[in-house]
Structure formats: C-alpha cells, structure tokens
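Close look at the chain arrangement
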Amino acid sequence: MTAQLMRSALLFVDGDWREGASVETLHDKFDGTPLAQVHVPDRGQVDRAVRAVAAAQAESRLTGFERGRILMAASALMRERRERLVDTVVADTGFTLTDAEREIDRATETLQLCGEEAKRITGRMVPVEGSPGVRGRIGFTLRKPLGVVCAITPFNAPVNTVCHKIGPAIAAGNGVVLKPAPETPLTAALLVELLLDAGLPEGLLALLPGGADVGQALLEHPVPAFYAFTGSTRVGEHIARSVGIRRTQLELGSLASTIVCADAALETAAGLCVNAAFRKAGQVCTSVQRLYVQRGVLEEFGRLIARGLADRPAGDPRRPGTFVGPVISPASADRIQSWVGEAVEQGAELVHGGTREGSVITPTVLGNVAKTMTVMTNEIFGPVVVLRPFDHLADAVAEANDTPFGLASGVFTADLDSALMVAGELRVGTVHINETSSSRVDLMPFGGVKASGTGLEGPRYAIEEMTEETLVTVGPARP
Ligand code: NAD
C-alpha cells in the first residue's frame, strides 16, 4: 500500500483509497525531481466524501474511552514509523532532517494529548438555584460532537497542524474531511494510513488532496458543521465570508516580534532567536521576524547572532547537519529574494546571508531597516530576520503592536516589572517571557487576535471548539 502511495497519492473516500478525477505531479522541494502523481477529486467526489463521513459519524457509537484508545495507538504507531514519516516530510516540504524529526515528535505528543483528552470531555454544572425564586432545580450541560469537521491545512506543519485538527475532532466524536496543503499530499496519506491502522473506523475520515478548487468545493458544501483552518489571512477571511453561521477555527498569518532588553541573558537569547528565526527555513507562523534589541547591546547581540549562524550550512535538507533547507517553492524564493533586495536598495544593511541557490536562501539578517520596508510590514515566511534597535521598552512594544497581526511574541529581560508590562501591553494571543515568539508547546491554548485569527488550538481547547453544549435543567418531579 505505501509503495503504491509513494508513486501515486490517492483520495480516501467512503472507506477506500480511490483515484481522483484528475492527476497532478508533485515535485521534490530541493532538487525538483518528480515524486508522485497526486489524485485530485472533482466536486462529485468531494460531495461523496463529505456525505460518507457524515453518515458514518451519525452511526458511530464509539465511547470516549474507545476514541482515546485509537488516538493513543496512533501516537504509538507514529513513534514506530518515525523514520518513514521523516523521509516523507523532507520530500514534501524540503525541511531539514532535524526540522522533520521535530515535526513528527511534536505530532506524536499531540495525538497522545488528544487521546488523553478524549476520556475527560465533560459539560458543566449550572447553578440554577442562584436565580431568585428557583428551588429544587439543577442544571448541567451535555457536550456533543458537531458532526463533520472539515480540516484545511497549510504546508508548513504538515503533520502536527493536521494532528491538531484531526485529533481533537476525533476525540470529540466527530468525523473528519481533510484537505491538506497541495504541497504535502504524501505526508497526509501516511497520516491517514496510520490512523486507520490504529483502529479508526474507516468511514470517519476522508482525505481529499488538492488546492484551492477542492477547498472551495468544501466551503460550498452544506454538510460540514465546522471548518478548522490554518493558513494565510487572505484565505481565512475568504472562509469566514463563505461558511455563514457555521463555526470556524481560523489560525492565520502573523508577523512575530521578539524583544531583547539589555539586562537579558544575551547568549541564551541569541541562541534561541537563531533557532526561532530559521527553523523550517523561517516558514513558521511564530518565526522571529522582527527582533527588537535594546540599543546598548545591539552590537554585542549582533555578534552573538553571527556566531550562532557560523558553520551552520544551508542547502540539501537530507544532509545531516544542514541548518536551513529550501523554501517551499521557487516562487516563494523569488518573493523573499525580491523583498530582501528591495530593503537593501532602500538602505538596509545585509548583516548576514542574503544569497540564494535554487530555492535555498541562506539565513539572512538585515540591519538598519526602516519601519516602512516590506520586510517590516509583511509576513516574510522565509529565513530572514530584521534587527531593530530600541531605546525605551515602551517604544519596542508600540512598534511590535503596529501590525494587523497578533499571534505570538517573546521578551527577554531579567526584570519582572518590564516583562509583565510587555505581557500587558502587547495585543497578541501569547507572550513568552525569556523565550522567543516561537516557543509553543502543544498542550497550550494557541490562537491569534486581530488578523491572526479566531478560535483556539491545543487539544483540550480545540475539543471545546469542536463540540456543542445542550443545557439540561431538572426540576423536582413532584412539587
Ligand atoms: P494558504 O492560505 O495559501 O493555504 C492554506 C490552505 O488553504 C491550503 O490547504 C490551501 O490549498 C487552502 N486554500 C487556498 N485557497 C482556498 C480556498 N479558496 N478555499 C479553501 N481552501 C483554500 O497558506 P500556506 O501558504 O499553506 O501557509 C502559510 C500561511 O499559514 C502563513 O500565512 C502562516 O502564517 C500561516 N500559518 C498560521 C499558523 C497559525 O497557527 N496561526 C500556523 C501555520 C501557518
């Protein structure tokens, strides 16, 4: 089955692997060699997939314990199949071996967390007698699955983000239709295979590879009750406009800042910032893009960043030790290169990197940037970090807030008052103190504010999003 999937990525519809209405060729992200023929469904197949999942979900009688056991088994299988999954992630995404391993290890934990949470889904007690004139009545809620959850996912976390959608949906008793990113269909197929091998009833999950057309057909379908989306703000806004009163979880674009104060442990901060700016070639929603450094330590911090980048090669993601691999496509590399070029033309200083070979862009550090440059105002989603000096912490906070986005930030300081001021003033979903913007762990509630989206990931919190409550009140049978 797997060898066949490597040659052709099929749909999984109505409990079976099937051919699509059309076929597209998938390419390796580093060397461009053809990897697989990807089957893409037409609208009829999308309809059949959604309706089959809805029918299976309506019939499903799995208990929380049984759903938890399936998700735990999936987590264990993921650990066993780590090597094969890592290879596939590298091919689909161009991530380095280290980044792909980290992706699988985090997803293994995410599935485990979902398995644990499946066993403790509860409603809540409502103190009805707290209202005047009420006596002998109690109230509680029943928490119920929604039906079909439609998961639409991005290329940059093709296992863990998908597990953050599918895992809570299954834990909560829903069926799932997954449309993965068009760049990563092989990874998605392995994940579906793994869930089925772990005992997930085959009707409860459908896989529909493809791009915007397949996504659009899913948005227009009347059956999904919930859209779990991670991706760009542009597509997120389109989803919000398209699905009417149906519920959504929209984890969208970002432009993340990390602030380094003069009193911080600079060496530690620099090491963490280097990883957080360049892992996955900077293609992470929480990647450090704007790095605010207090002026008095700017030079020293710049040296520490340069030291952190020394002997860390960019290039072939399969070569052990490669620090930065290719970005997802030549078009993406073109865009990043042109933004860096434009910044340099406008007076920015190229402190490090800035070269390109194929889709590989070397880790790039820019100094002397102006607030209005594209590298400051737009999400780069590439291996580029911008150094901005500040004198007063309040100025750095004001600038970090000056973006349409609000996902995550970090601040390094030894002063608790300063740290708490930053946490209080920044309009973002998460502030990490003495960590970078990119230091999420998977049990956290995770979501953005402003144009970074609505709704929460994190298994426990996503289960709440993917369920509905019925309030039940009970009065005395005989007055
Ligand atoms: P994208 O928005 O281009 O694509 C995401 C998904 O949406 C893909 O599966 C794509 O095929 C699908 N899609 C595109 N058009 C559609 C349409 N009309 N209808 C339905 N589906 C459609 O994003 P991407 O390039 O894959 O990922 C990068 C973006 O994701 C960045 O902006 C990044 O910040 C964001 N992201 C956010 C988070 C978060 O947690 N907030 C996490 C990871 C990535």
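This text goes with the structure placed above it.
What this report covers is the structure whose coordinates are included nearby.

Basis of the calculations
Residues numbered from 1 in each chain as written. Predicted model: local features only at pLDDT ≥ 70, side-chain atom pairs only at ≥ 80, totals over all residues. Heavy atoms only, no water. Helix = DSSP H or I, 4+ residues; strand = E, 2+ residues; numbered from the N terminus. Rg over C-alpha atoms; globule rule 2.2 N^0.38 Å. Buried < 20%, exposed > 50% of the residue type's maximum accessible area, 1.4 Å probe, protein only. Contact = heavy atoms within 4.5 Å. Areas by Shrake-Rupley, 256 points an atom, 1.4 Å probe, with all protein chains shown as cover. Lys, Arg positive; Asp, Glu negative; His and termini not counted. Charge placed at Lys NZ, Arg CZ, Asp CG, Glu CD. Salt bridge = Lys/Arg side-chain N within 4 Å of Asp/Glu carboxyl O. Axes fitted to C-alpha atoms, helices over the stretch in contact; angles between N-to-C directions. Parallel < 35°, antiparallel > 145°, perpendicular 65-115°, else oblique. Left-handed = near helix turned anticlockwise from the far one by under 90°. Nonpolar A, V, L, I, M, F, W, Y, C, P; charged D, E, K, R; others polar. Near = heavy atom within 4 Å. Polar contact = N/O pair within 3.5 Å; in protein donor to acceptor, adjacent residues only side chain to side chain. Pairing = 2+ DSSP bridges. Core = buried A, V, L, I, M, F, W, Y, C linked by side-chain atoms within 4.5 Å. Patch = residues over 30% accessible without salt bridge, like charges linked within 9 Å, V, L, I, M, F, W, Y side chains within 5 Å.

Observations concerning the overall build of the protein chain
Assigned secondary structure in the protein chain consists of 16 helices and 25 strands. In terms of C-alpha radius of gyration, the protein chain reaches 23 Å, essentially the compact-globule figure of 23 Å for 479 residues. Summarising its shape, the C-alpha atoms of the protein chain cover approximately 75 × 65 × 40 Å along the three principal directions. By residue count, 54% of the 479 residues in the protein chain fall in the buried class. Taking as baseline every contact in the protein chain between residues at least 6 positions apart, the subset at least 24 positions apart corresponds to 72%. Element-wise, carbon and sulfur atoms account for 51% of the exposed surface of the protein chain, whose accessible area totals about 19700 Å². On the protein chain, the mean spot of the 46 positive side-chain charges and the mean spot of the 56 negative ones are 7 Å from each other.

Observations regarding helix 8 (residues 212-220)
By the burial criterion, the buried members of helix 8 are V214, G215, A217, L218 and L219. Contact partners of the buried residues in helix 8: strand 5 (34-40), helix 2 (43-59), strand 8 (148-152), strand 9 (175-179), strand 11 (226-230) and helix 9 (233-242).

Examining the pattern of salt bridges
Within the structure shown, the criterion is met by 20 salt bridges. For the salt bridge of R143 with E469, the shortest nitrogen-to-oxygen distance reads 3.5 Å. With R143 in strand 7 (residues 138-145) and E469 in strand 25 (residues 467-474), this residue pair connects regions lying 326 residues apart in the sequence. We classify R143 as partly exposed; its relative accessible area is 21%.

A closer look at the packing of helix 14 (residues 393-401) against helix 15 (residues 416-425)
Contact geometry of helix 14 with helix 15 gives a least axis separation of 10 Å together with a crossing angle of 25 degrees. Regarding the angle of helix 14 to helix 15, the classification is roughly parallel. Seen along the crossing, helix 14 lies across helix 15 with a hand that is right-handed. Along its contact with helix 14, which presents L393, A394, V397 and N401, the element helix 15 presents S418, M421, V422 and E425. Residues that form the contact of helix 14 with helix 15 fall into these classes: 5 nonpolar, 2 polar and 1 charged.

Regarding the site of the ligand
Residues in close proximity to the ligand total 29 residues, the closest being T153, K179, S232, L252 and E379. With respect to the ligand, the backbone of T153 contributes an N or O atom lying 2.8 Å from an oxygen atom. Burial of the ligand by the protein chains amounts to 88% of its free accessible area of 850 Å². For the shell around the ligand, the secondary structure elements donating two or more residues are helix 8, strand 11 and helix 9. Tallying contributions element by element places helix 8 first for the shell around the ligand, with 4 residues.

A word on the sheet that holds strand 4 (residues 22-27)
Taking strand neighbours across the sheet as the criterion, the 3 strands line up as 1-5-4 in an open arrangement whose pairing is mixed. Across the chains shown, the open sheet's two edge strands, defined by having one partner strand only, are strand 1 (8-9) and strand 4. Two elements, strand 4 and strand 5, share 6 bridges in a ladder whose sense is antiparallel. Within the sheet, the bridge partner assigned to E24 lies in strand 5 and is V38.

Quick look at the nonpolar core
Among the nonpolar cores identified, the biggest contains 53 residues, and I259, F278, L291, F301, I305, L366 and V375 are the most heavily contacted of them. When residues in this core are grouped by element, the largest group, 8 residues, is from helix 10 (residues 266-278). Setting aside chain neighbours within four positions, we find V375 in contact with Q289, W339, V340, A343, L366, V369, I380 and V386. Residues A171, V176, A198 and L200 belong to the second largest nonpolar core, which totals 50 residues.

What to know about a nonpolar patch on the surface
The grouping of M125, I138 and V474 at the surface amounts to a nonpolar patch, some 290 Å² of accessible area in total. Its relative accessible area of 63% is what places M125 among the exposed residues.

As for the sheet that holds strand 19 (residues 384-390)
If you walk across this open sheet you meet the 7 strands as 15-18-19-14-13-21-22, and the pairing is mixed. The open sheet has two edge strands, strand 15 (349-352) and strand 22 (430-433), and neither has a second partner. For this sheet, the mean angle separating the axes of adjacent strands, direction not counted, is 25 degrees. Pairing of strand 13 (residues 256-260) with strand 21 (residues 408-412) involves 4 bridges; the strand directions are parallel. Looking at the pairing, I259 lines up with V411 of strand 21. The sheet contacts of helix 11 (residues 298-309) involve strand 13, strand 14 (288-294), strand 15, strand 18 (364-367) and strand 19, and relative to strand 14 the element is tilted by about 140 degrees.

Examining the side chain of S257
The residue S257 is located in strand 13 in this model. Overall, S257 belongs to the buried group, its relative accessible area being 2%.

Comments concerning the environment of G447
Here G447 lies in the loop between strand 22 and strand 23 (449-450). Along the sequence, G447 and G136 sit 311 residues apart, while their C-alpha atoms lie 40 Å from each other. The contacts of G447, once residues within four sequence positions are left out, are E251, L407, G429, G455 and L456.

So, the pairing of strand 19
Counting buried residues along strand 19, 6 of its 7 residues qualify, which places the element largely inside the surrounding structure. Two strands pair when backbone bridges link them, and strand 18 and strand 19 are joined in this way by 3 bridges, in the parallel orientation. Bridge pairing in strand 19 links T364 to V384.

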